[in-house]
Amino acid sequence: MNDQAPAPLEPTDSDHTALLPTAPDGPALSPLVQGYWRMDAWERTPAEHLDFLKAHVELGVTTVDHADVYGRYTIEAQFGEVLALEPSLRQKLQIVTKCGIQLLTPQAPERRIKHYDTRARHLRASIEASLGHFRTDWLDLVLLHRPDPLMDADEVAEVMIELRQSGKVRHFGVSNFTPAQLGLLQSRLPFTLATNQVEIGPLNVASLFDGTLDQLQQLRICPMAWSVLGGGRLFDDEDETGRRVRTALEAVAEELGDCRLDQVAFAWVRQLPSRPFPILGSGRIERVRAAVAALDLVLDREQWFAILQAAQGRPVP
Amino acid sequence: MNDQAPAPLEPTDSDHTALLPTAPDGPALSPLVQGYWRMDAWERTPAEHLDFLKAHVELGVTTVDHADVYGRYTIEAQFGEVLALEPSLRQKLQIVTKCGIQLLTPQAPERRIKHYDTRARHLRASIEASLGHFRTDWLDLVLLHRPDPLMDADEVAEVMIELRQSGKVRHFGVSNFTPAQLGLLQSRLPFTLATNQVEIGPLNVASLFDGTLDQLQQLRICPMAWSVLGGGRLFDDEDETGRRVRTALEAVAEELGDCRLDQVAFAWVRQLPSRPFPILGSGRIERVRAAVAALDLVLDREQWFAILQAAQGRPVP
Amino acid sequence: MNDQAPAPLEPTDSDHTALLPTAPDGPALSPLVQGYWRMDAWERTPAEHLDFLKAHVELGVTTVDHADVYGRYTIEAQFGEVLALEPSLRQKLQIVTKCGIQLLTPQAPERRIKHYDTRARHLRASIEASLGHFRTDWLDLVLLHRPDPLMDADEVAEVMIELRQSGKVRHFGVSNFTPAQLGLLQSRLPFTLATNQVEIGPLNVASLFDGTLDQLQQLRICPMAWSVLGGGRLFDDEDETGRRVRTALEAVAEELGDCRLDQVAFAWVRQLPSRPFPILGSGRIERVRAAVAALDLVLDREQWFAILQAAQGRPVP
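Residues numbered from 1 in each chain as written. Chains lettered and ligands numbered in written order. Predicted model: local features only at pLDDT ≥ 70, side-chain atom pairs only at ≥ 80, totals over all residues. Heavy atoms only, no water.

Caption draft 1: Representation of the relation of the copies chain A and chain B. When chain A is fitted to chain B, the best match, at an RMSD of 0.0 Å, comes from turning it 120° and sliding it 0.0 Å along the axis. The symmetry that links the two subunits is that of a three-fold axis. When each C-alpha of chain A is compared by its distance to the rotation axis, Ala-180 of chain A comes out closest, at 6.5 Å. (Least-squares fit on C-alpha atoms with pLDDT ≥ 70 in both.)

This is the structure in structure tokens:
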């Protein structure tokens, strides 16, 4: 970086925040999704949360990512409380949530072990609870949070069909599924799964090579990308890959006009041909603004592969 | 276990031993299958073998699992000799056997190396030999014992079709096949493969995650499960995973009413949504009786995942 | 080997060098393919190259394997120069070349990193350049050299369709693709991919077990096999697997009548049921002649598995 560097990217008035379908008959989501799994760490009053929510909606980030288990089963209700302060906001949002994990938690003291439950009864109950927490009549997209080795695909398909028909859930998808697991469930459904929310980022490139993203591109299903920034690894000097990737991101950031590391990382993920929807984890509106500003950012092939090379620690073969 | 523990599970008069189809157009097998691969280690006279056979048939375990190579090519004929003592038993049995392995054996002194042969000529000859050994006109189910890198799927399919039409083999399946191998052979067949007999058990959980069981559930093919008890590993104190799993099985066994470790292991496998048919390896009728008694045993989700957690050495993610 | 050993194999007048289709609607190639990636290491004049080319064509090896990047982008043009000495040869040849890699090279000093580019613009330009280098109006078969994580399958399919219709490229295939990558691209094409050129040989048996060859057999696509001899590993005494495989090849070679190690290796690969087309890497005509002479060589099952056992360091399970 130097004095002559162009100003950091700022949002433009292009329509790059228009909603995009995640699959041929999938829901239309905003190209960036605001994650709320750390909402309770933001230490805000409901009014302050509302300000943040309205601010990112204003920026075009209208899709919010949740799960029943976030904050040990507390986040959905906290978010619902915020939404209740201005109920008209609901129409502007696409709410994504997840179910299927049974966490060890003080709320369920009889539970002895973390496990999964994808039986119809649990899915129905979990989704009813989510509807109550959000104080809404419908969820835009519900994902099976984790592949469950006990998943009966017929039973899951039946409950998905039923809940779509009832209007309570508009779309269903999965998260962290392998191609075989997604293929199994898809084989029982009359509609295309809306997404597979998986870990994708310069510090998590496995899905680019293990068939996960190939399958999604083939089925024309866009993934949602979690952990784009790899948790804290990008800034952990003990993490060799983290250091290498940070250096590569910094170099590209400078070339692209003094933009931010996270802007480059989001752009890197969005250039994948399966067209992932990245999830933002930060609660700071300037981070959201920066990510939105980077929606038009395009790395050239060499910049993109420089980051991949850093991730893999070697040039491509 | 304590004095107040309920009595060990015993067979009930429910119809839980009714035959079940292994695939939409597959054979109907008993929910538990008696394996005969260690038959010669039981050190019995033919009359004693007959007693054991009649006893497990009486208990509803009417399917027997064989392979041409068991006992270094001797078991099928030994079993046929037993069956000849009471030929009317044949109608009550479903005989499963396997072919395709060429073992080093004194019977074939010219053979220099263990290998596979899935050519039509060998499959035909092997199946004719099995029919002769069992002194029967038909085999209920014949499996390719191992995936053969030289398998010509067209040639195998042709011989399978021919032998079904002749009535000599009623159904065909495979054993130890990957999803790609099964998919290849299936693509050439006008009927669904009846099963994939694979290693499944609390000490062998790979097939739950590598796509093997996902594919079978998708195709509605039930696996047969070999090595449910993991050979001796469950009782090997040097084996850390074995110790962990044994402890978990013991805890569940006690919760379920002082039942046996192997009963819990069979129930654990049978709860998989691909609905495996476990193979029993013991020649002791009380072990068979115990396994039959456990057919109604159902673990709850936490018990099931406690065993998986022990198998994997960590909670599910 | 001993004095009584039969003479080394020599070409016969059988028609074993007739062209074979690589896929149902694929190109007809010669059963052995002459690789030119080391052409510049042969240190020959154009006239000498022409002699070699005519000699292997005379032997029935009429398919030549190239890539834009071989010899750091120089081989195609060198070959074209040779071909220009006797233009009528073109009709007798099947030219295979590849595109999609962007190599670090003095010819492109602005390039900073090795990367891939499978965008339409690059593929079109690369293929036009290849046509110019070879001084020909058509390429028989063009392969995507490496799977590109940025591959947009729709865009690639569109340019493949366009270039086939123009007559500039008669067939398209891929190289080093996983089953998921090939499946994705195939899903967008109205024709079957002609081949997947992958590493196959006694020192590279991964594709026999990871689904690559299963998929190709299923789709009736024949692979092309590169590195059949494993580079120098077969003669590297430091390489334990190399030593084991060499010993096994030597034993089979002697049994088969004092033939050569490479003859056995080519026969071993050609016996795979996906029917690979091996690529020859040597520029010595006697090596080509030996490989052609071995086209009728057939290992028996034990010989074939002895080599696999040496490759894997253990008997098959």
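Caption draft 2: Structural context of the pattern of salt bridges. All names here are of chain A. Counted under the stated rule, the structure contains 48 salt bridges over all chains. Among the salt bridges present, the one from Lys-168 reaches Glu-128, with a minimum N-O distance of 2.4 Å. Note that Lys-168 is positioned in the loop between helix 5 (153-165) and strand 9 (172-175) and Glu-128 in helix 4 (residues 120-134), a separation of 40 residues in sequence. On the basis of relative accessible area, Glu-128 is assigned to the partly exposed category, the value being 36%. (Salt bridge = Lys/Arg side-chain N within 4 Å of Asp/Glu carboxyl O. Helix = DSSP H or I, 4+ residues; strand = E, 2+ residues; numbered from the N terminus. Buried < 20%, exposed > 50% of the residue type's maximum accessible area, 1.4 Å probe, protein only.)

Caption draft 3: How the structure looks around the interface of chain A and chain B. Each partner contributes to the interface: chain A provides 24 residues, whereas chain B provides 21 residues. Approximately 2,100 Å² of surface area, both sides summed, lies buried where chain A meets chain B, with 54% of it carried by carbon and sulfur atoms. It is Ile-113, Pro-149 and Leu-150 of chain A in chain A that bury the most area against chain B; as a group they hold 31% of the surface buried on that side. Inspection of the region where chain A meets chain B yields 2 salt bridges. In this structure, Arg-112 of chain A and Glu-255 of chain B form a salt bridge, with 2.9 Å as the shortest nitrogen-oxygen distance. Taken together, chain A and chain B are joined by 12 residue pairs in polar contact (both at pLDDT 80 or more). Contributing elements (two or more residues each) for the side of chain A that touches chain B: strand 7 (115-116), helix 5 and helix 6 (179-186) of chain A. Per element, the largest residue contribution to the side of chain A that touches chain B is 4 residues, and it comes from helix 6 of chain A. (Contact = heavy atoms within 4.5 Å. Buried area = accessible area lost by both parts, 1.4 Å probe. Polar contact = N/O pair within 3.5 Å; in protein donor to acceptor, adjacent residues only side chain to side chain.)

Caption draft 4: Structural view of unusual backbone geometry. Backbone geometry places Ser-227 of chain B, a non-glycine residue, at a positive phi of 60°. Assignment of secondary structure puts Ser-227 of chain B in the loop between strand 11 (224-226) and helix 8 (240-255).

Caption draft 5: Up close: the interface of chain C and chain B. Facing the 21 residues of chain C at the interface are 24 residues of chain B. Scanning the region where chain C abuts chain B turns up 2 salt bridges. The partner of Asp-154 of chain B in a salt bridge is Arg-220 of chain C, and the shortest N-O contact between them spans 2.7 Å. On inspection of chain C and its partner chain B, the count reaches 11 residue pairs in polar contact (both at pLDDT 80 or more). If you list the elements that add at least two residues to the side of chain C that touches chain B, you get helix 7 (212-219) and helix 11 (301-312) of chain C. Residue contributions to the side of chain C that touches chain B peak at 8 residues, all from helix 11 of chain C. Residue composition of the side of chain C that touches chain B, grouped by class: 10 nonpolar, 6 polar and 5 charged. (Nonpolar A, V, L, I, M, F, W, Y, C, P; charged D, E, K, R; others polar.)

Caption draft 6: Looking closely at the environment of Ala-311 of chain B. Residues and elements named next belong to chain B. As for its position among the elements, Ala-311 is in helix 11 (residues 301-312). Residue Ala-311 is classed as buried on the basis of its relative accessible area of 14%. Measuring from C-alpha to C-alpha, the distance between Ala-311 and Gly-201 comes to 9.2 Å, with 110 residues separating the pair along the chain. Those residues in contact with Ala-311 that sit more than four places away from it in its chain are Pro-202, Val-205, Thr-241, Arg-244 and Val-245.

Caption draft 7: Focus on the pairing of strand 8 (residues 141-144) of chain C. Residue and element names in this part refer to chain C. Where burial is concerned, the two faces of strand 8 agree: the one with Leu-141 and Leu-143 and the one with Val-142 and Leu-144 are both buried. In terms of strand pairing, strand 5 (residues 94-99) meets strand 8 through 4 bridges, oriented parallel. Paired with Thr-97 across the two strands is Val-142, which belongs to strand 8. Taken together, the 3 bridges between strand 8 and strand 9 (residues 172-175) define a ladder with parallel strand orientation. What sits directly across from Val-142, in strand 9, is Phe-172. Taking the sense of rotation as the criterion, the β-α-β connection linking strand 8, helix 5 (residues 153-165) and strand 9 turns out right-handed. (Pairing = 2+ DSSP bridges. Right-handed = clockwise from strand over helix to strand, strands pointing away.)

Caption draft 8: Looking closely at helix 3 (residues 75-84) of chain A. Residues and elements named next belong to chain A. All of the buried residues in helix 3 are Ile-75, Glu-76, Phe-79, Gly-80, Val-82 and Leu-83. Down the axis of helix 3, the buried side of the element spans an arc of 160°, and every buried residue falls inside it. Here the buried face of helix 3 lies against helix 1 (46-58), strand 4 (63-65), helix 2 (70-73), strand 5 (94-99) and helix 4. (Arc of directions from axis to C-beta.)

Caption draft 9: Structural context of the nonpolar core. Grouped together as the largest cluster of nonpolar side chains are 279 residues, with contacts concentrated most on Leu-53 and Leu-185 of chain A, Leu-53 and Leu-185 of chain B together with Leu-53, Leu-144 and Leu-185 of chain C. Setting aside its immediate chain neighbours within four residues, Leu-53 of chain B contacts Tyr-36, Val-64, Phe-79, Val-82, Leu-83, Leu-89 and Leu-93 of chain B. (Core = buried A, V, L, I, M, F, W, Y, C linked by side-chain atoms within 4.5 Å.)

Caption draft 10: Representation of the sheet that holds strand 9 of chain A. Read around the barrel, 8 strands follow the order 3-4-5-8-9-10-11-12 (chain A) and close on themselves; strand pairing throughout is parallel. Here the strands of the sheet are splayed against their neighbours by 30° on average, with no regard to which way each runs. (Axes fitted to C-alpha atoms, helices over the stretch in contact; angles between N-to-C directions.)

Caption draft 11: Here's a closer look at the packing of aromatic side chains. Tallied over the entire structure, the rule returns 24 aromatic pairs over all chains. Measuring from ring centre to ring centre gives 5.6 Å for Tyr-116 of chain A and Phe-305 of chain B, while their planes differ by 75°; the resulting arrangement is edge-to-face. Of this pair, Tyr-116 of chain A sits in strand 7 while Phe-305 of chain B is found in helix 11, placing the two residues in two different chains. Taking 4.6 Å as the distance between ring centres and 5° as the angle between the ring planes, the aromatic pair formed by Trp-268 of chain B and Trp-304 of chain B counts as stacked. Linking Trp-268 of chain B in helix 9 (residues 261-270) with Trp-304 of chain B in helix 11, this pair joins segments that are 36 residues apart in sequence. (Phe/Tyr/Trp six-rings, centres within 6.5 Å; stacked < 30°, edge-to-face > 60°.)

Caption draft 12: Looking closely at the confidence of the model for chain A. Residue and element names in this part refer to chain A. Here chain A averages 94 in pLDDT, and 95% of its residues register 70 or above. Residue range residues 1-8 is modelled with pLDDT below 50. Its contacts to residues more than four positions away, or to other chains, number 7 contacts. On the interface metric, ipTM, the complex scores 0.94, and its pTM is 0.95. (pLDDT = per-residue confidence, 0-100.)

Caption draft 13: Quick look at helix 10 (residues 285-293) of chain B. Within helix 10 of chain B, burial applies to Val-288, Ala-290, Ala-291, Val-292 and Ala-293 of chain B. Along its buried surface, helix 10 of chain B packs onto strand 3 (33-35), helix 1 (46-58), helix 9 and strand 12 (277-280) of chain B.

Caption draft 14: Seen up close, the pairing of strand 12 (residues 277-280) of chain C. Residue and element names in this part refer to chain C. Burial along strand 12 is two-sided: the residues Phe-277 and Ile-279 and Pro-278 and Leu-280 are all buried. Relative to strand 12, strand 3 (residues 33-35) runs parallel, the two sharing 2 bridges. Bridge pairing in strand 12 links Gln-34 to Leu-280.

Caption draft 15: Highlighting the sheet that holds strand 9 (residues 172-175) of chain B. Spatially, the 8 strands close up into a barrel ordered 3-4-5-8-9-10-11-12 (chain B), and their pairing is parallel. The average undirected angle you get between the axes of adjacent strands in this sheet is 30°.

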